[in-house]
Amino acid sequence: MPAPSPHHPPATPAPPTGALLERLLAAPGRRDRLTHVEQLPARPGVSVDWPEWVDRGVVERLGAAGVSRPWRHQAEAATHAREGRSVVVATGTASGKSLAYLLPALTAVREGLSARDGRGATVLYLAPTKALAHDQWRALRTLGLDDVRAATYDGDTPSDEREWVRAHAAYALTNPDLLHRSLLPGHRRWSAFLRSLRYVVVDECHAYRGVFGSHVAAVLRRLQRVAEHYGSDPVFVLASATVSDPSISGERLTGRPLVAVTDDASPRGPATFALWEPPLTAWRGEHGAPVRRSAVAETADLLADLVVDGRRTIAFVRSRRGAEAVATMTRGALHDVDPGLAPRVAAYRAGYLPEERRAVESGLQSGDLIGVSATSALELGVDVSGLDAVLLTGWPGTRASLWQQAGRAGRAGREALAVLVARDDPLDTYVVHHPEALFGKPVEATVLDPDNPYVLGPHLCAAAAELPLTPDDLARFGPAAPGLLDDLVARGLLRRRPGGWFWTRAERAADLADLRGIGGSPVRVVESGTGRLLGTVDPGSADRCVHAGAVYVHQGATYLVDSLDLSDAVALVTAASPEHTTYAREVNDLRVVAEVQRQAWGAAALVFGEVEVTSQVVAFLKRRVGTGEVLGEEPLDLPPRHLRTRAVWWTVTSEQVAAASLEPGELPGAAHAAEHASIGLLPLFATCDRWDIGGVSTALHPDTGLPTVFVYDGHPGGAGFAERGFQQALSWLTATRDAIAACDCETGCPSCVQSPKCGNGNDPLDKDGAVRLLTELVSGRPER
Ligand SMILES: [Zn+2]
Ligand SMILES: [Zn+2]
């Protein structure tokens, strides 16, 4: 839990343990919604002496900043790095991971000051966002080590300053995008910096996941190759949130072996963590399914109660519009109780101007604001902590960000409260009924796929443009590289000469890869009337995000899409504030291309392999913001899309179908329900989003000849999600079954088996049949 904040003494006396929660439970009907309470006891920290090798000046400055001794994990990780071993430190929020890299990095830089150019050692620090790099730079300045020449270097850095950084900085703070677009293609101008490169710091490395992570993996391999060219061999120091197998994902990211330090020795205050499930209402949704009260409305009620009590609280809401809705509903509730409190609640979200952001932050710190509803934008790089309570409106996407958000609550000697309010989807249902998913050992891994040919191909071109590729380079880029190079030569992108592979074209090779997207020319989103370009959308997801009638959100403002022209790659939009959100519904068809791995589970089989998916967006669903009520569905006429990707699938035999007491007529509904729920649960194991993956289920698939359920990666070439599903199949499919069984609806609802993106209108779905089918499937698994 975060450090104490001596400047802001508590406005109200501290309540006894659990009292904050009791306050929320006092309202009628609330107690039934509580599914679990976890009391997290205080934990004392374990500090150690400063390692011998740490520069005395650094120790002194840290001491002046209030760090008298390091926690054990900080010293341990720092010493690995000092001794030349690349390391990943994966510990909790506010556990001081930065010291793990600052100690070796600052020590090396200061030792190098006596070199001729004062740069005997340099450090490259990478953050996933510009804002975080700037925060780290400020923190470094605050230490007051004036002889350490540190500077940020990003898209906003003026060119004369860029020149200074290249010539003089010993500690450069930047992001992977800049490395990819500027530093590596222009490495000759960085030769002095690269020659002395001692450490590469990869902060918040769990942010590098999926396709983005796969791109960054290629960029880091290019960096190491270029560094070697200048004779350096930097040590990597990675900082990660608490995840499963941090050394495995760190190795996939960097391509080199890493030591993992995971034993968190920082202290923690006491906290109460409550899991909360809003009740089913009398509303009826699709096929008469009950509608659960929305997490947004439920959060607004809880926030209003905490504000009335004077408890400083942030409610984290995943979407910007959800954050606005929570603030509006909370202010509405307060109007009836104490109108003076309504202005003390504000919304904060990404897209706000820096001064707006600072006004909210300082209002919260001073106590002028008591309640804030925020998107996760506050998560990175902003110092807001020491709150009384944190409300989490739905699973925030990853367990790592959940703890990052919950960790904002807590002040020294005071109890902190966190409440996770479930949204109506299967993952949230599972988590609030299975507290071990949150409080037990993490099962979530940071997943990426460095071998994805669609990602790696453009980076091989970029690497060849930086320095011609030689056969010796290939091992670094993995087993897919040789085949890809042949392909790139055949397509005229690279030239094969006796000395290796060369980039000889006029354009910049680095422009072939966009780290935040994948392949093809992006679809432009243009405001009708003004012609202003608002942003771009990946061509592969344009039909889902910007189809006619879609609600498009940009920088917090909402637009309605007037038209989508795929041949011109442009979507025209108009500013609007509709009361609904939209969900594209698509139908999918799938062909097996090749099996990569297979496991027998008794008569059933689990397979990981390559597939060709054909998808078509056929309609979109409208749901009211705030309540989630279904307002209707409108058909769309869009062309099918083809995707070569990777999938995990399972098959059962007709004997197993009979053993699950499923009549042949019930099988399609059971398999379809299992497919929906398993897509919903995979993000618990692989750091993906429900929208990153898709599925197909059928009572008889032509390529397997059996009842089959497929779950595939929604990105060309795959992003590692399906592979992780294959590796964790038993836990994943067991959790899927348990999530369906835990829902208290009768025949299926959005909290268990209905999916908002189902192109078949959630029909047929057989909730009970899915539980029986999955039970039969997992019963055949091999004993371990
Ligand atoms: Zn249900
Ligand atoms: Zn479906």
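Look a little higher up for the structure.
Source: prediction; values computed, not measured.

### Concerning the coordination of the zinc ion (ligand 2)
The protein atoms that coordinate the zinc ion (ligand 2) are His672 (NE2), His676 (NE2) and Cys758 (SG), at distances of 2.0 to 2.3 Å. The sequence motif formed by the donor residues of the zinc ion (ligand 2) is H-x3-H-x81-C. Residue histidine 676 is found in helix α21 (residues 667–681), and its partner cysteine 758 is found in the loop between α23 (729–742) and α24 (767–779); the two are separated by 82 residues along the sequence. The pair formed by histidine 676 and cysteine 758 is uniform in burial state, with each residue classed as buried.

### As for the environment of threonine 330
By the secondary structure assignment, threonine 330 is in helix α12 (residues 320–337). Classification of threonine 330 as buried rests on a relative accessible area of 0%. Placed 303 residues apart in sequence, threonine 330 and alanine 27 show a C-alpha to C-alpha distance of 16 Å. Apart from the residues lying within four places of it in its own chain, the contact partners of threonine 330 are Ala300, Leu303, Ala304 and Val345.

### A closer look at the nonpolar core
Side chains that are nonpolar tend, in soluble globular proteins, to be buried together. Counting 82 residues, the largest nonpolar core has Phe273, Leu420, Trp650, Leu684 and Leu733 as its most contacted members. Here this core gets eight residues from one element, more than from any other, and that element is α21. Apart from residues lying up to four places away in sequence, leucine 420 is in contact with Phe273, Ala274, Leu275, Trp276, Leu392, Gly394, Trp395, Leu402, Val431, Val432 and Leu438. One finds Ala81, Tyr125, Tyr171 and Val237 within the second-largest nonpolar core, a separate group that totals 40 residues.

### Focus on the pattern of salt bridges
Taken as a whole and judged by the stated rule, the model has 45 salt bridges. A salt bridge links arginine 23 to aspartate 309, with the nearest nitrogen and oxygen atoms 3.3 Å apart. With arginine 23 in helix α1 (residues 19–25) and aspartate 309 in the loop between α11 (295–308) and β12 (313–317), this pair connects stretches of sequence that are 286 residues apart. Residues glutamate 586 and arginine 641 are paired through a salt bridge, measuring 3.0 Å at the closest nitrogen-oxygen approach. Taken as a pair, glutamate 586 in strand β24 (residues 580–601) and arginine 641 in strand β27 (residues 641–651) lie far apart in primary sequence, 55 residues in all. On the basis of relative accessibility, which here comes to 9%, the residue glutamate 586 falls in the buried class. Among the charged side chains, a salt-bridge network with shared partners connects Arg591, Glu610, Glu612, Arg644 and Arg646.

### Some thoughts on the coordination of the zinc ion (ligand 1)
For the zinc ion (ligand 1), the protein coordination sphere consists of Cys743 (SG), Cys745 (SG), Cys749 (SG) and Cys752 (SG), at 2.2 to 2.4 Å. Taken together, the four donor atoms surrounding the zinc ion (ligand 1) define angles of 99 to 120 degrees at the centre, an arrangement classified as tetrahedral. Counting gaps between the donor residues of the zinc ion (ligand 1) yields the pattern C-x1-C-x3-C-x2-C. Each member of the pair, cysteine 743 as well as cysteine 745, is classed as buried.

### Re the environment of proline 750
For proline 750, the location among the structural elements is in the loop between α23 and α24. Counting along the chain gives 461 residues from proline 750 to alanine 289, while the straight-line C-alpha distance between them is 8.0 Å. Not counting the four nearest positions on each side in its chain, proline 750 is found in contact with Pro290, Asp424, Asp425 and Pro426.

### Some details on unusual backbone geometry
The omega torsion across aspartate 763 and proline 764 is -5 degrees, close enough to zero to call that bond cis. Examined against the element boundaries, proline 764 turns out to sit in the loop between α23 and α24. Of note, alanine 569 is a non-glycine position whose phi angle comes to about 55 degrees, a positive value. Within the secondary structure layout, alanine 569 lies in the loop between β22 (557–565) and β23 (570–575).

### Quick look at the packing of aromatic side chains
Going through the model one piece at a time under the given rule, you end up with ten aromatic pairs. Note on phenylalanine 273 and phenylalanine 439: the rings are 5.4 Å apart at their centroids and 75 degrees apart in plane angle, and the pair reads as edge-to-face. Of the two residues, phenylalanine 273 sits in strand β9 (residues 271–276) while phenylalanine 439 sits in helix α16 (residues 436–439), which places them 166 residues apart along the sequence. With a centroid separation of 6.5 Å and an interplanar angle of 50 degrees, the aromatic rings of tyrosine 552 and tyrosine 559 are classed as tilted. Just as tyrosine 552 is buried, tyrosine 559 falls in that class too. Feature note: the residues Tyr153, Trp190 and Phe193 constitute an aromatic cluster, connected by ring pairs. If you follow arginine 496 out to its NZ or CZ, it ends over the ring of tryptophan 501, 4.0 Å from the centre.

### A look at helix α18 (residues 481–490)
Three or more residues of α18 are buried, namely Ala481, Leu484, Leu485 and Leu488. Axial view of α18: buried residues confined to an arc of 105 degrees, hence all on one face. In α18, those exposed residues whose orientation departs by more than 90 degrees from the buried face are Asp486 and Ala490. Considering only its buried residues, α18 is in contact with α17 (453–466) and β18 (500–502). Glycine 492 sits one or two residues past α18 and shows a positive phi near 80 degrees.

### Points about the packing of α11 against α12
Each pair of packed helices gets described by two things: the angle between the helix axes and the distance between those axes. At a closest axis distance of 8 Å, the pairing of α11 and α12 adopts a crossing angle of 50 degrees. The angle between the axes of α11 and α12 places the two elements in the oblique class. Helix-helix and strand crossings are classified by hand; for α11 and α12 the assignment is right-handed. Residues Val296, Ala297, Thr299, Ala300, Leu303, Ala304, Val307 and Val308 of α11 lie in contact with α12, whose contacting residues are Gly322, Ala325, Val326, Met329, Thr330, Ala333, Leu334 and Val337. Of the residues that constitute the contact of α11 with α12, the class distribution is 13 nonpolar, three polar and no charged.

### Focus on the sheet that holds strand β20 (residues 533–537)
With mixed pairing, five strands are arranged side by side in an open sheet as β20-β19-β23-β22-β21. Each having just a single partner strand, β20 and β21 (551–554) make up the two edges of the open sheet. The average angle at which neighbouring strand axes cross in this sheet is 35 degrees, direction not considered. Relative to β22, β21 is paired through four bridges, and the arrangement is antiparallel. Residue pairing across strands places valine 553 opposite threonine 558, the latter belonging to β22.

Conventions used here
Per-chain numbering applies: the sequence of each chain, read as written, is numbered from 1 onward. Each chain is given a letter, starting from A, and each ligand a number, starting from 1, according to the order in which they appear as written. Reporting in this predicted model follows two pLDDT cut-offs: at least 70 for local features of residues, and 80 or more for side-chain atom pairs to be given and counted; totals over whole chains, interfaces and linings ignore these cut-offs and use all residues. Water and hydrogen atoms play no part in the side-chain values, which are based on all heavy atoms of the structure. Ligating atoms shown are N, O and S within 2.8 Å of the metal, or 3.2 Å for Na, K and Ca, and water is not included, meaning a site may look less than complete. Numbering of helices and strands runs from the N terminus, with a helix taken as a DSSP run of H or I at least four residues long and a strand as a DSSP run of E at least two residues long. Each residue is assigned to one of three classes by its accessible area relative to the maximum for its type, calculated with a 1.4 Å probe on protein chains only: buried under 20%, partly exposed between the two thresholds, exposed over 50%. Residue contacts follow a heavy-atom distance rule, with two residues in contact if any of their heavy atoms lie within 4.5 Å. Buried Ala, Val, Leu, Ile, Met, Phe, Trp, Tyr and Cys residues form a nonpolar core when they are joined through side-chain atoms within 4.5 Å. Definition used for salt bridges: Asp or Glu carboxyl oxygen within 4 Å of a side-chain nitrogen of Lys or Arg. A four-donor site is classed as tetrahedral when every donor-metal-donor angle falls between 85 and 135 degrees; four donors are called square planar, and six octahedral, when trans pairs exceed 155 degrees and all remaining angles lie between 65 and 115, with any other arrangement labelled irregular. Stacked, tilted and edge-to-face are the three classes applied to pairs of Phe, Tyr and Trp rings, where Trp contributes its six-membered ring and a pair requires centres within 6.5 Å; stacked means planes under 30 degrees apart, edge-to-face means over 60, and tilted covers the rest. Any Lys NZ or Arg CZ that is within 6 Å of a ring centre and within 35 degrees of that ring's normal is treated as a charge sitting over the ring. Each direction from the helix axis to a C-beta atom contributes to the arc, which is the arc of those directions. For every element, the axis is a line fit to its C-alpha atoms; helices are fit only across the contacting stretch, and the angle between N-to-C directions ranges from 0 to 180 degrees. Working rule for angles: under 35 degrees goes down as roughly parallel, over 145 as roughly antiparallel, 65 to 115 as roughly perpendicular, anything else as oblique. Each crossing gets its hand from how the near helix is turned against the far one by less than a right angle, where anticlockwise is left-handed and clockwise is right-handed. Basically, the charged four are Asp, Glu, Lys and Arg, the nonpolar ten are Ala, Val, Leu, Ile, Met, Phe, Trp, Tyr, Cys and Pro, and anything else, Gly included, counts as polar. In this description, strands pair whenever DSSP reports at least two bridges between them.

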